[in-house]
2 protein chains.
Amino acid sequence: MDPTHIKRFLIGKPFPTSRDIHERLDKVRALAVFASDPISSNAYATEAIMSVLLILGSAALSMTLPIGLAVAGLVLLVISSYVQTILHYPDGGGAYTVAKDNLGTFASLVAAAALLTDYILTVSVSVSAGVRAITSAVPAAFEYRVIIAIAAIIFITWINLRGVRESGTVFAIPTYAFFGGVLLVILIGLLRHFGLFGVSPITPVEQEVAASRSLVGFAYIWLLLRAFAGGCTALTGIEAISNGVQAFKPPESKNAAVTMVAMGAMAMSLFVGITFLATQLHLIPQEAESILSQLTRRITGGGFLYYWVQFFTAMILFLAANTGYQDFPRLSSFLAKDDFLPRWMQNRGDRLVYSSGIIVLAAVASAIVFVFQADEIAMLPLYALGVMLSFSISQAGMFHLMGRIAHLKPGETMRTSVTEIHYERNATWKRVLNAIGAGATFVVFIILTSTKFVEGAWIVALLIPALMYIFYAVRRHYERVAAALSTGDLSMDDITEVANVVVIPIADIHRGTILAIEYAKRISSDVRVLSITTAPEIEERLLRRWNRFPEITSDIQLITIEYDYRDILNPLVQYIEKLNREEFPDQLTTVVVPEFIPEHRLASILHNQTANRLRWRLREHKDIVIIDVPFHIDSQL
Amino acid sequence: MDPTHIKRFLIGKPFPTSRDIHERLDKVRALAVFASDPISSNAYATEAIMSVLLILGSAALSMTLPIGLAVAGLVLLVISSYVQTILHYPDGGGAYTVAKDNLGTFASLVAAAALLTDYILTVSVSVSAGVRAITSAVPAAFEYRVIIAIAAIIFITWINLRGVRESGTVFAIPTYAFFGGVLLVILIGLLRHFGLFGVSPITPVEQEVAASRSLVGFAYIWLLLRAFAGGCTALTGIEAISNGVQAFKPPESKNAAVTMVAMGAMAMSLFVGITFLATQLHLIPQEAESILSQLTRRITGGGFLYYWVQFFTAMILFLAANTGYQDFPRLSSFLAKDDFLPRWMQNRGDRLVYSSGIIVLAAVASAIVFVFQADEIAMLPLYALGVMLSFSISQAGMFHLMGRIAHLKPGETMRTSVTEIHYERNATWKRVLNAIGAGATFVVFIILTSTKFVEGAWIVALLIPALMYIFYAVRRHYERVAAALSTGDLSMDDITEVANVVVIPIADIHRGTILAIEYAKRISSDVRVLSITTAPEIEERLLRRWNRFPEITSDIQLITIEYDYRDILNPLVQYIEKLNREEFPDQLTTVVVPEFIPEHRLASILHNQTANRLRWRLREHKDIVIIDVPFHIDSQL
């Protein structure tokens with residue numbers, strides 16, 4: 001089967017570039033595509049707070065709700081900041097764009113490096129968490145966890161390569177099913193808790209009040225901060241929409257902002273609901289059963305709804321990876337556009353998605369899954385740092401932007417390097433919110449980094465500068481290339497002259513080499529046929545055949561070089577180099593390579609790859625033009 | 001570090017072809033190179049006979065010596081046959097050459113396929129056996145057995161790539177040390193057994209006469225035959241010298257024949273000695289200790305000599321692999337010379353060895369070691385069949401040759417297709433010996449195949465025809481190629497005409513593309529610059545730059561094709577195909593590809609590989625000549 005057909009079958013037929021606008025997402029699909037990560041956080045965010053507090057004993061769990069509300073407040077702050085960002089940067093503005101426009105290149109690259117790292121980890125961690133859900137149910141599958149995880153990555157990659165609308169359609173079901181299921185559980189839980197509408201009331205778990213360790217002063221606050229930082233995993237992925245504004249149907253900004261608010265409302269209603277009920281029911285984190293599972297079982301009694309929630313929890317943990325697939329390719333295309341990453345990362349594939357970015361993401365995430373053997377617990381210390389750092393940078397950027405807006409008079413308009421800003425009311429108040437947001441997320445970043453440094457956060461601390469070095473190196477390379485190719489000061493004398501000489505390396509006289517000689521004679525009057533002879537009988541045979549075709553060979557030179565080794569490429573290249581250096585310095589010297597091409601690809605293993613190898617060697621010389629004169633043979637292996 | 005320097009360091013400096021004669025082997029080194037396999041057989045051949053006989057109970061072990069003598073007789077027969085072969089085929093004549101000259105192509109290819117299979121297995125089996133010797137001593141190493149085995153293969157490959165003389169020097173020590181050690185053990189054993197020179201006599205093991213199962217008639221004979229077949233493992237590798245006559249210093253035939261006889265004498269003196277003493281001392285095969293170890297321990301009492309023999313047993317089991325390295329590359333070079341294998345297998349490397357064959361052998365043997373997880377017991381059913389089949393074919397060939405010689409009158413001479421034969425005395429007697437040899441080895445082949453068929457011999461039974469199919473397919477391919485390239489009936493009209501047109505695909509006007517345009521203008525008056533534009537702004541920019549250089553662009557055509565997809569290669573190729581098909585049918589159409597080459601290899605990942613990909617696509621079209629005009633940029637990543 002033709003590879004093109006296989007590709008068509010897998011990816012679907014190519015979309016014209018003009019179809020872009022029709023591939024945009026409506027709000028319902030967009031929410032499914034972008035929200036899987038933040039909504040899935042509810043599977044573990046409350047538990048992350050509680051398991052830190054448990055160090056102080058179960059009595060300390062009463063702090064869960066206040067800390068949860070603080071996290072929810074921070075989410076509110078971040079979301080309102082990002083809604084502002086979306087409205088001010090309608091072409092899409094993640095932390096990278098906002099920082100570039102307000103804080104300069106350096107800050108924008110810090111944000112970009114942090115985010116790219118985190119997006120890759122989103123995929124590795126989510127998929128591994130999904131696999132753990134499977135292997136918990138089917139322990140025999142544990143041995144195959146890496147293969148299952150990589151198969152899941154391939155599946156998600158495949159759906160994403162088929163286009164953004166299609167992935168929206170596929171991923172909508174688990175996202176909404178999870179949201180609906182958990183929401184129903186919370187509603188029933190609230191009804192039963194408050195005994196409304198005559199439903200059977202629910203009783204809290206009999207709590208054995210464990211001997212509470214008491215910490216004082218700084219140690220106590222540090223622990224509360226760590227619990228808060230744990231809860232902040234609920235924030236991962238909420239910036240996705242800000243990068244992907246251009247994936248929305250017009251009016252892009254407005255739709256994106258509405259979707260962002262909806263996403264925040266959905267994620268937070270679940271988070272606050274779960275946290276409230278978990279505290280009221282006196283649930284305690286347990287090794288064997290997650291808080292969400294305990295909660296659902298207790299409220300529903302373990303019927304159909306329980307299994308529904310459990311099943312879609314596993315599904316959405318898998319799909320949280322999809323947020324990485326939305327963000328990574330888009331952010332890397334922005335970086336590529338600015339020459340900080342290879343330019344081909346901004347090319348869009350057959351289905352108008354950033355295919356190269358998707359494939360790079362899949363490859364790197366798979367490598368991480370392999371290295372960590374699909375153990376997401378081991379990866380967690382590396383995770384969520386990047387996103388916090390980028391939140392902080394992004395809000396610092398918005399703080400700066402609001403400062404500029406605050407200086408505008410009513411009706412006044414100003415262009416920044418990326419966007420256009422107008423007078424706004426309450427700019428100073430918004431600024432204050434941005435400052436609080438930037439500060440709070442920065443504190444969380446510091447907590448995450450310091451508490452997890454030894455366990456793995458140091459890797460990220462090294463990776464971010466390394467990535468930034470690469471960004472700058474790539475940019476420098478493109479700048480040099482642009483300078484070298486520039487026609488700004490081109491004069492006709494700069495163009496390298498073409499020498500009137502053609503060299504044809506041959507091993508024997510046959511139809512293929514005769515064709516090459518005829519071609520060479522058409523383009524030059526100084527044709528030199530070059531042959532390396534490794535044995536006298538080879539030279540004799542060559543001369544005999546040479547003399548048989550005087551109409552071809554009479555007006556050209558035959559140069560034979562006797563050579564007592566077997567690597568004939570060396571004397572060939574040496575002759576050509578010497579010719580170019582001594583007879584035609586600084587001119588283009590032409591080499592005609594008679595290339596023998598069997599019709600059947602496989603058959604080429606039966607032939608010396610002399611033509612190919614010669615081409616590779618000669619490529620290193622800047623003044624050598626290579627002409628391939630093909631001679632095709634209709635042979636089968 | 002430059003790859004050439006690394007190669008020099010590993011392989012040594014290249015030898016000129018004329019040095020060939022100085023790289024030849026003297027008899028002492030030749031014996032070490034060729035004899036490691038047959039001499040190493042003594043580590044297990046006697047035991048192979050005894051462990052079959054043990055099925056009948058320990059009383060049956062008294063049959064060991066007669067069977068051992070029968071094996072020795074067969075070896076004598078085979079060696080005398082091969083000495084004849086060497087003298088009659090002084091250019092080297094393994095089973096392949098002999099069969100080709102006497103029995104035709106088909107028989108020669110059967111022999112070749114059988115031998116190649118066996119040579120590869122020689123390497124896999126020997127190395128795995130050597131590794132077992134190590135892991136028996138150091139059980140902790142068992143986990144790493146595959147890695148150790150592959151490391152050993154790499155080591156032997158490396159030594160062989162350094163040249164045949166050098167490998168002779170390296171491998172001489174273990175071969176002679178093993179031979180000397182075992183010979184000394186046998187001599188001491190004989191002295192003690194016969195109580196000569198007043199040495200302390202040795203007493204046989206107290207034998208518990210186990211209840212002997214009695215088999216009658218055919219079953220008994222079958223068992224004896226199987227024991228005989230087991231002993232025939234002593235024959236593997238003895239044909240090596242016949243292939244490698246050209247590796248000897250002149251007079252090649254005589255030196256090779258002398259070495260062959262010496263090798264036979266050495267191998268058989270050990271084999272008969274071990275078999276005799278093992279029977280006399282009433283040794284019984286045991287799981288935990290080999291017969292050779294039991295024998296040595298009993299005779300020497302376990303001192304220095306015992307450890308010497310054990311150590312060099314392990315060494316020589318490893319090095320038996322080297323016989324495969326002598327045979328496989330040489331035989332495959334013979335096949336390649338006759339166009340039955342890729343021709344590059346007859347190329348000799350820097351050190352005048354058949355490097356390609358050595359590397360192919362190492363790769364396939366490593367793959368087998370990997371598949372069988374270095375378990376040589378599992379490989380054994382595949383082993384030794386091939387060599388027996390080739391013995392049988394070879395001796396059948398010699399039988400035919402002797403028939404032709406027997407018809408010559410004194411003083412008469414005749415040329416066969418490969419060699420020259422003269423009148424000889426006793427040709428008929430030699431013929432009878434050949435017939436017996438052919439028959440006996442064929443019987444052993446049948447026994448080996450039938451007793452081991454289910455355990456793995458079927459793989460070889462499938463592999464030999466598969467290899468023969470490949471041989472014929474390769475030959476057919478070369479025949480077609482030769483016919484297509486033949487200049488026998490070439491007339492000037494057959495040479496494809498060159499169309500006066502040049503197409504230059506470009507994406508932008510810069511120094512690189514301008515150079516390509518200037519080159520194209522030199523070779524054609526009809527230059528067409530072709531650009532695929534995927535967005536209106538790209539087209540505008542191109543036209544603006546195009547018009548800035550009238551001195552370059554005024555007399556040539558610019559063709560722009562608007563395209564609403566991103567895979568610009570397709571419309572490029574379609575335009576060129578259409579041009580060739582409609583405007584210049586059956587003429588060579590030239591495409592100039594401006595190729596942008598960063599000085600630093602790594603930097604090429606930062607660029608679209610459009611030029612490379614275009615070249616690959618256009619290669620499929622027989623009437624398209626591709627000119628690479630390079631534009632080098634001195635940039636660093």
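**Student:** Is there a simple way to think about the overall build of chain A in this case?
**Tutor:** Helix and strand counts for chain A come out as 23 helices and seven strands. A globule of 637 residues ought to have a C-alpha radius of gyration of about 26 Å, yet chain A, at 33 Å, is considerably larger. Each of the three principal axes of chain A carries a C-alpha extent, and together these read 110 × 65 × 50 Å. For chain A, the proportion of its 637 residues judged to be buried stands at 46%. A fraction of 80% describes how many contacts in chain A between residues 6 or more apart in sequence connect residues 24 or more apart.

**Student:** Can you help me understand the sheet that holds strand β3 (residues 497-505) of chain A in this one?
**Tutor:** In sheet architecture, strand pairing relies on hydrogen bonds along the backbone and comes in two forms, parallel and antiparallel. In spatial order, the strands read β5(A)-β4(A)-β3(A)-β6(A)-β7(A)-β7(B)-β6(B)-β3(B)-β4(B)-β5(B); together these 10 strands make up an open sheet with mixed pairing. Of all strands in the sheet, those with a lone pairing partner are β5 (557-562) of chain A together with β5 (557-562) of chain B, marking the two edges. The mean inter-strand angle of the sheet, taken between neighbouring strand axes irrespective of direction, is 25 degrees. Bridge count for strand β3 (residues 497-505) of chain B against strand β6 (residues 587-598) of chain B is four bridges, and the pairing is parallel. Pairing of V502 of chain B across the sheet is with T590 of chain B, part of β6 of chain B. Sitting on the sheet, helix α20 (residues 536-548) of chain A is in contact with β4 (527-533) and β5 of chain A, with an inclination near 150 degrees to β4 of chain A.

**Student:** For this particular structure, what's the right way to read the interface of chain B and chain A?
**Tutor:** Taken together, the 56 residues of chain B in the interface contact 56 residues of chain A. Looking at the side of chain B that touches chain A residue by residue, the classes come out as 31 nonpolar, 13 polar and 12 charged. Note: strand β7 (residues 624-633) of chain A against strand β7 (residues 624-633) of chain B, three bridges, orientation antiparallel. The residue bridging I627 of chain A from the neighbouring strand is I627 of chain B, located in β7 of chain B.

**Student:** Explain the domain arrangement of chain A here, please?
**Tutor:** It is common to report an interface's size as the accessible area lost on association of the parts. Domain assignment breaks chain A into domain 1 (20-479) and domain 2 (493-633). A separation of 61 Å is found between the C-alpha centroids of domain 1 of chain A and domain 2 of chain A.

**Student:** Mind showing me how you'd approach the packing of helix α12 (residues 291-300) of chain A against helix α13 (residues 304-319) of chain A here?
**Tutor:** Helix-helix packing: each pair is described by the crossing angle between the helix axes and the interaxial distance. All names here are of chain A. The contact between α12 and α13 brings their axes to 9 Å, and the two run at 160 degrees. For the element pair α12 / α13, the angle class is roughly antiparallel. Crossing angle aside, the handedness with which α12 passes α13 is right-handed. Along its contact with α12, which presents L292, S293, T296, R297 and T300, the element α13 presents L305, Y306, V309, Q310 and T313. Looking at the contact of α12 with α13 residue by residue, the classes come out as four nonpolar, five polar and one charged.

**Student:** I'm lost on the relation of the copies chain B and chain A in this one. Help?
**Tutor:** Both copies of the chain are placed relative to one another by a rotation about an axis and a shift along it. For the match of chain B to chain A, the screw axis carries a shift of 0.0 Å, the RMSD comes to 0.1 Å, and the turn is 180 degrees. Seen this way, the second copy is the image of the first under a two-fold rotation axis. Distance from the rotation axis, computed per C-alpha, reaches its smallest value in chain B at I627 of chain B: 2.1 Å. Same-surface contact between copies: 100% of interface residues of chain B are shared with the interface of chain A.

**Student:** In this structure, what is going on with the environment of D37 of chain B? I would like to understand it.
**Tutor:** Residue and element names in this part refer to chain B. Counting through the fold element by element, D37 comes out in helix α2 (residues 27-40). C-alpha of D37 to C-alpha of F178: the two residues are 141 residues apart in sequence and 12 Å apart in space. Residue contacts for D37: discarding those within four places in its chain leaves T122, T236, G237, A240, A320 and T323.

**Student:** Would you explain the packing of helix α17 (residues 385-406) of chain B against helix α18 (residues 427-485) of chain B in this entry?
**Tutor:** Residues and elements named next belong to chain B. Contact geometry for α17 and α18: axes closest at 7 Å, N-to-C directions at 160 degrees. When the interaxial angle is binned, α17 and α18 end up roughly antiparallel. Considering only the axes of α17 and α18, their crossing is left-handed. Counted by class, the contact of α17 with α18 contains 19 nonpolar, nine polar and two charged residues.

**Student:** Hey, could you run me through α2 of chain B in this one?
**Tutor:** Because each turn of an α-helix spans 3.6 residues, side chains separated by three or four positions end up pointing in the same direction. All names here are of chain B. Here α2 spans 19 Å end to end across 14 residues, near enough to the 20 Å set by a 1.5 Å rise per residue. Of all 14 residues in α2, 12 are buried, a share of seventy percent or more. Looking at the buried side of α2, the elements it contacts are α6 (105-137), α8 (164-194), α10 (240-243), α11 (252-280), α13 (304-319) and α14 (321-337).

**Student:** Looking at this model, I keep getting lost on helix α5 (residues 95-102) of chain A. Mind explaining?
**Tutor:** All names here are of chain A. Burial of α5 is extensive: eight of the eight residues sit out of reach of the surface. Along α5, the residues that are buried comprise A95, Y96, T97, V98, A99, K100, D101 and N102. Packing partners of the buried residues in α5 comprise α4 (64-88), α6 (105-137), α14 (321-337) and α17 (385-406).

**Student:** Just checking my understanding: could you explain the environment of M263 of chain B for this structure?
**Tutor:** Residues and elements named next belong to chain B. Counting through the fold element by element, M263 comes out in helix α11. In sequence terms M263 and A30 are 233 residues apart; their C-alpha atoms lie 9.9 Å from each other. Discounting residues that sit within four places of it in the chain, M263 has contacts with L31, F34, A35, P38 and I241.

**Student:** What exactly am I supposed to notice about the pairing of strand β6 (residues 587-598) of chain A here?
**Tutor:** In summary, the side chains of a regular strand alternate between the two faces of the sheet. All names here are of chain A. Extensive coverage of β6 is indicated by the burial of 11 of its 12 residues. Where β6 and β7 come together, 10 bridges link them in parallel fashion. Within β7, the residue paired with V591 across the bridge is I626. Handedness of the β6-helix α23 (residues 610-618)-β7 crossover: right-handed.

**Student:** Would you take a moment to explain unusual backbone geometry for this structure?
**Tutor:** Generally, phi is negative for residues other than glycine and the peptide bonds are trans, each holding for most cases. All names here are of chain A. Here the bond from P250 into P251 is cis, since omega is -5 degrees, no more than 30 degrees from zero. In this fold, P251 is placed in the loop between α10 (240-243) and α11 (252-280). Phi is positive for L352, which is not a glycine, with a value near 65 degrees. When the 21 C-beta atoms within 10 Å are taken as the criterion, L352 is described as buried.

**Student:** Got a minute to help me understand the environment of F15 of chain B in this structure?
**Tutor:** Residues and elements named next belong to chain B. Relative to the elements of secondary structure, F15 occurs in the loop between α1 (3-11) and α2. Considered as a pair, F15 and F197 are 182 residues apart in the sequence and their alpha carbons are 54 Å apart. The residues contacting F15, other than those within four sequence positions of it, are E23, D350, R351 and L352.

What counts and how
- Residues numbered from 1 in each chain as written.
- Chains lettered and ligands numbered in written order.
- Predicted model: local features only at pLDDT ≥ 70, side-chain atom pairs only at ≥ 80, totals over all residues.
- Helix = DSSP H or I, 4+ residues; strand = E, 2+ residues; numbered from the N terminus.
- Rg over C-alpha atoms; globule rule 2.2 N^0.38 Å.
- Buried ≥ 20, exposed ≤ 12 C-beta atoms within 10 Å, placed from the backbone.
- Contact = placed C-beta atoms within 7 Å.
- Pairing = 2+ DSSP bridges.
- Axes fitted to C-alpha atoms, helices over the stretch in contact; angles between N-to-C directions.
- Nonpolar A, V, L, I, M, F, W, Y, C, P; charged D, E, K, R; others polar.
- Domains from an automatic or database assignment.
- Parallel < 35°, antiparallel > 145°, perpendicular 65-115°, else oblique.
- Left-handed = near helix turned anticlockwise from the far one by under 90°.
- Least-squares fit on C-alpha atoms with pLDDT ≥ 70 in both.
- Expected span 1.5 Å × (residues − 1).
- Right-handed = clockwise from strand over helix to strand, strands pointing away.

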